[in-house]
Amino acid sequence: MTQRDPACRAIEPLISGALDNELTQQQRQQLHLHLGSCEACANLYRELAEQRGAVKLGMLPPESDAETPSVRLWNRFGFGLLVLGLIPLVLYAIYQFSQDATIPWWIKLTTAATILGLLLLFINVLRQRLKAAKTDPYKKVKL
Ligand SMILES: [Zn+2]
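Residues numbered from 1 in each chain as written. Predicted model: local features only at pLDDT ≥ 70, side-chain atom pairs only at ≥ 80, totals over all residues. Heavy atoms only, no water.

At this site the zinc ion is bound by C8 (SG), H34 (NE2), C38 (SG) and C41 (SG), with donor distances of 2.0 to 2.3 Å. Each of the four donor atoms around the zinc ion contributes to a set of angles spanning 99 to 113 degrees, which defines the coordination as tetrahedral. (Donors = N, O, S within 2.8 Å, 3.2 Å for Na, K, Ca; no water. Tetrahedral: all angles 85-135°; square planar, octahedral: opposite > 155°, others 65-115°.)

Shown next, in the form of structure tokens:
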């Protein structure tokens with residue numbers, strides 16, 4: 001049983017091919033025969049299969065963390081809290097502002113326009129976020 005057997009070297013690409021489901025019927029039989037008689041390759045196959053299995057079971061690379069359901073849920077929760085806190089705060093500020101007789105009417109008007117503009121932008125961002133969750137964000141974003 002030598003590990004550098006030429007037959008083993010020929011089998012190695014079949015092992016990864018089998019894990020990717022890319023083998024023909026004939027190649028699968030060839031691999032099966034070899035694994036039955038060669039312990040080194042059978043061990044290699046098990047190791048690689050375990051690695052693939054770990055990836056499938058959710059041990060994903062770090063950049064995919066943003067897409068896991070729990071992270072999405074917490075994002076939504078935080079965003080919801082932000083909206084819940086922001087709306088009464090803005091309404092209260094507008095109310096206080098409009099009741100203040102020392103502020104000229106034109107400042108009230110331009111400030112109201114600014115707040116309305118910010119609110120519209122905010123709603124637009126919200127709609128884009130919802131849309132981006134379903135479709136490609138680079139295709140359908142409109143400003
Ligand atoms: Zn072998």
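The subject of this paragraph is the packing of aromatic side chains. Taken as a whole, this structure holds two aromatic pairs when the rule is applied. When the ring of W74 is compared with that of F77, the centres are 5.5 Å apart and the planes differ by 85 degrees; the resulting orientation is edge-to-face. Note that W74 and F77 are positioned in helix α4 (residues 69-99) at a spacing of three residues, about one turn of the helix. Look at W74 and you get exposed, because its relative accessible area is 61%. Relative to F122, the ring of F79 lies with its centre 6.2 Å away and its plane at 25 degrees, an arrangement referred to as stacked. Remark: F122 occurs in helix α5 (residues 105-134) and F79 occurs in helix α4; sequence separation between them is 43 residues. Judged by its relative accessible area of 22%, F79 is partly exposed. (Phe/Tyr/Trp six-rings, centres within 6.5 Å; stacked < 30°, edge-to-face > 60°. Helix = DSSP H or I, 4+ residues; strand = E, 2+ residues; numbered from the N terminus. Buried < 20%, exposed > 50% of the residue type's maximum accessible area, 1.4 Å probe, protein only.)

Right, let's get into the side chain of H34. Within the fold, H34 resides in helix α2 (residues 25-37). Assessed through its relative accessible area of 13%, H34 is described here as buried. Contacts of H34, omitting those with residues within four sequence positions, involve A7, C8, I11 and C41. (Contact = heavy atoms within 4.5 Å.)

For the pair helix α1 (residues 6-19) and α2, interaxial distance at closest approach is 10 Å and the crossing angle is 120 degrees. Taken together, the axis directions place α1 and α2 in an arrangement best described as oblique. For the crossing formed where α1 meets α2, the hand is left-handed. Taken together, the residues of α2 that come into contact with α1 (itself represented by A7, C8, I11, L14, I15 and A18) are Q27, Q30, L31 and H34. Taken together, the residues that form the contact of α1 with α2 break down as seven nonpolar, three polar and no charged. (Axes fitted to C-alpha atoms, helices over the stretch in contact; angles between N-to-C directions. Parallel < 35°, antiparallel > 145°, perpendicular 65-115°, else oblique. Left-handed = near helix turned anticlockwise from the far one by under 90°. Nonpolar A, V, L, I, M, F, W, Y, C, P; charged D, E, K, R; others polar.)

At E12, α1 is deflected by roughly 25 degrees, the largest bend along its length, and proline P13 occurs up to four residues later in sequence. Within α1, burial applies to C8, I11, L14, I15, G17 and L19. Between the side-chain oxygen at the start of α1 and the backbone nitrogen of A7 there is a gap of 2.9 Å, and the oxygen is on D5. Where α1 terminates, the next one or two residues include N21, which has phi positive at roughly 60 degrees. (Bend = angle between axes of the 7 residues up to and from the residue. Polar contact = N/O pair within 3.5 Å; in protein donor to acceptor, adjacent residues only side chain to side chain.)

Attention now moves to the environment of F122. For F122, a relative accessible area of 25% gives the class partly exposed. The residues touching F122, leaving out its near neighbours within four places in the chain, are V83 and L86.

Moving on, we get to the nonpolar core. Counting residues in hydrophobic clusters, the biggest one holds twelve residues: C8, I11, L14, I15, L19, L23, L31, L35, C38, C41, A42 and L48. With five residues, α1 is the single largest residue contributor to this core. In this structure L14 touches L23, Q27, Q30 and L31, once residues within four positions along its chain are discounted. (Core = buried A, V, L, I, M, F, W, Y, C linked by side-chain atoms within 4.5 Å.)

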